[in-house]
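# Residue-level structural notes
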Amino acid sequence: MTPAASPRKLGVNIDHVATLRQARGGNEPSVLEAALEAEKGGADSITVHLREDRRHIQDSDVWELLKKIYVPLNLEMALSPEIVKIALKARPEKVCLVPEKRRELTTEGGLDLFFKRELLGRAVEALMKKKIQVSLFIDPLAKQVLEAARIGAYAIEIHTGSYANARGGKREKELLRIRSAAQLGTKLGLRVHAGHGLNYENTFPLLDIPEILEFNIGHSIVSRAVFVGLSKAVSEMKKIITSGKG
Ligand code: PXP
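Remember, predicted model here, so these are calculated numbers, not experimental data. (Residues numbered from 1 in each chain as written. Predicted model: local features only at pLDDT ≥ 70, side-chain atom pairs only at ≥ 80, totals over all residues. Heavy atoms only, no water.)

## With respect to the sheet that holds strand E5 (residues 133-138)
Taken in spatial order, the eight strands of this closed barrel run E1-E2-E3-E4-E5-E6-E7-E8, and their pairing is parallel. Here the average twist between neighbouring strands, direction ignored, is 25°. Note: strand E7 (residues 191-195) against strand E8 (residues 212-217), four bridges, orientation parallel. Bridging from a neighbouring strand, glycine 195 pairs with asparagine 216 of E8. (Pairing = 2+ DSSP bridges. Helix = DSSP H or I, 4+ residues; strand = E, 2+ residues; numbered from the N terminus. Axes fitted to C-alpha atoms, helices over the stretch in contact; angles between N-to-C directions.)

Put into structure tokens, the structure is as follows:
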């Protein structure tokens, strides 16, 4: 497939809705309702991160979403035997393997594909055997992209956090790093996604990289939803990534 030949996809991460729910330990706000609202706004997939410490998304959320949403579920997860086992049983359409640290506020960097290489290879193989599309969340580094292709992943998700945090010339450099990683990934037959720290402004320059076929965005959309509602917040972002207009 030629890059960006079909409209770009938007994956909406709704972990923050679960964070709000967990703050009071009850059922509000409903993660399922959030997913359905995101679908109404045009989300092409729903992403949830089932963390080992279960700080926001719970196992029951994963099962309920799998039963009740219409678009694919993208399960973000660490390379933890416990969570891999759950994914193999639940069989979401997609998983994205991410690094996970107990004390981080959010995913801080990409997965180092050279660390726990065998375990990673086995997990990817087992997940792909169940027809789950496996994406690897990596920093925009050629050696990581090459390794993702060697492992046989379906996709890479390029960590855009450093780009989002950088300013001026440094941001331009980060953009170049993302562009070359995306071009290499495409050349190697990987589907290229991008995410982390993206918002209603900093997503625009990434639209000039046609190899990026999917954006996964959470915090900025859920933050905007506080003021305009989730379905509108999603549709505004969808318009940006599909038409380049805000
Ligand atoms: N993609 C991945 C792999 C992530 O870990 C996260 C954060 O959970 C996101 C995308 C979304 O990042 P943000 O919430 O900053 O939009």
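Having seen it, we continue.
## So, the pairing of strand E1 (residues 9-13)
Of all five residues making up E1, four are buried, and the element is well covered by its neighbours. Where E1 meets E8, four bridges bridge the pair, whose relative direction is parallel. Each bridged residue has a counterpart across the sheet, and for leucine 10 the counterpart in E8 is phenylalanine 215. Pairing of E1 with strand E2 (residues 45-49) involves three bridges; the strand directions are parallel. Pairing of valine 12 across the sheet is with isoleucine 46, part of E2. (Buried < 20%, exposed > 50% of the residue type's maximum accessible area, 1.4 Å probe, protein only.)

## Quick notes on the pairing of strand E4 (residues 94-97)
Of the two faces of E4, the one lined by Lys94 and Cys96 and the one lined by Val95 and Leu97 are each fully buried. Where strand E3 (residues 73-77) and E4 come together, four bridges link them in parallel fashion. Counted as the bridge partner of glutamate 76 is cysteine 96 from E4. Following the chain from E3 across helix H4 (residues 81-90) to the adjacent parallel E4, one finds a crossover that is right-handed. Pairing of E4 with E5 involves four bridges; the strand directions are parallel. Paired with cysteine 96 across the bridge in E5 is serine 135. (Right-handed = clockwise from strand over helix to strand, strands pointing away.)

## Looking at the site of the ligand
Around the ligand, the structure places 13 residues, and the nearest of them are Glu76, Glu157, Gly197, Gly218 and His219. Between the ligand and glycine 197 there is a distance of 2.8 Å, counted from an oxygen atom to a backbone nitrogen or oxygen. Between an oxygen atom of the ligand and a main-chain N or O atom of glycine 218, the distance comes to 2.8 Å. Notes on the ligand: free accessible area 400 Å², of which the protein chains cover 94%. Residues belonging to the shell around the ligand are distributed by class as follows: three nonpolar, eight polar and two charged. (Near = heavy atom within 4 Å. Polar contact = N/O pair within 3.5 Å; in protein donor to acceptor, adjacent residues only side chain to side chain. Areas by Shrake-Rupley, 256 points an atom, 1.4 Å probe, with all protein chains shown as cover. Nonpolar A, V, L, I, M, F, W, Y, C, P; charged D, E, K, R; others polar.)

## Observations regarding the pattern of salt bridges
Pairing is possible between side chains that carry opposite charge, provided their charged atoms lie close to one another. Counted under the stated rule, the structure contains 15 salt bridges. Lysine 40 is the salt-bridge partner of glutamate 37, the closest N and O atoms lying 2.7 Å from each other. Linking glutamate 37 with lysine 40, this pair stays in helix H2 (residues 31-40), spanning three residues, or about one helical turn. By relative accessible area, which is 63% here, lysine 40 ends up exposed. With its nearest N and O atoms 3.2 Å apart, the salt bridge here joins arginine 55 to aspartate 53. (Salt bridge = Lys/Arg side-chain N within 4 Å of Asp/Glu carboxyl O.)

## A closer look at the packing of aromatic side chains
Summed over all chains, the structure comprises zero aromatic pairs. Here the basic side chain of arginine 171 rests over the ring of tyrosine 163, its NZ or CZ set 4.9 Å away from the ring centre. Its guanidinium or amino end placed over the ring of tyrosine 200, arginine 224 lies 6.0 Å from that ring's centre, counting from NZ or CZ. (Phe/Tyr/Trp six-rings, centres within 6.5 Å; stacked < 30°, edge-to-face > 60°. Lys NZ or Arg CZ within 6 Å of the ring centre and 35° of its normal.)

## A closer look at the packing of H2 against helix H3 (residues 59-68)
Interhelical geometry of H2 versus H3 gives an angle of 40° and a closest axis separation of 10 Å. By the angle class used here, H2 and H3 are oblique. By crossing handedness, the relation of H2 to H3 is classed as right-handed. Where H2 abuts H3, its residues Val31, Leu32, Ala35 and Leu36 lie against Asp61, Glu64, Leu65 and Lys68. Here the residues of the contact of H2 with H3 are counted per class, giving five nonpolar, no polar and three charged. (Parallel < 35°, antiparallel > 145°, perpendicular 65-115°, else oblique. Left-handed = near helix turned anticlockwise from the far one by under 90°. Contact = heavy atoms within 4.5 Å.)

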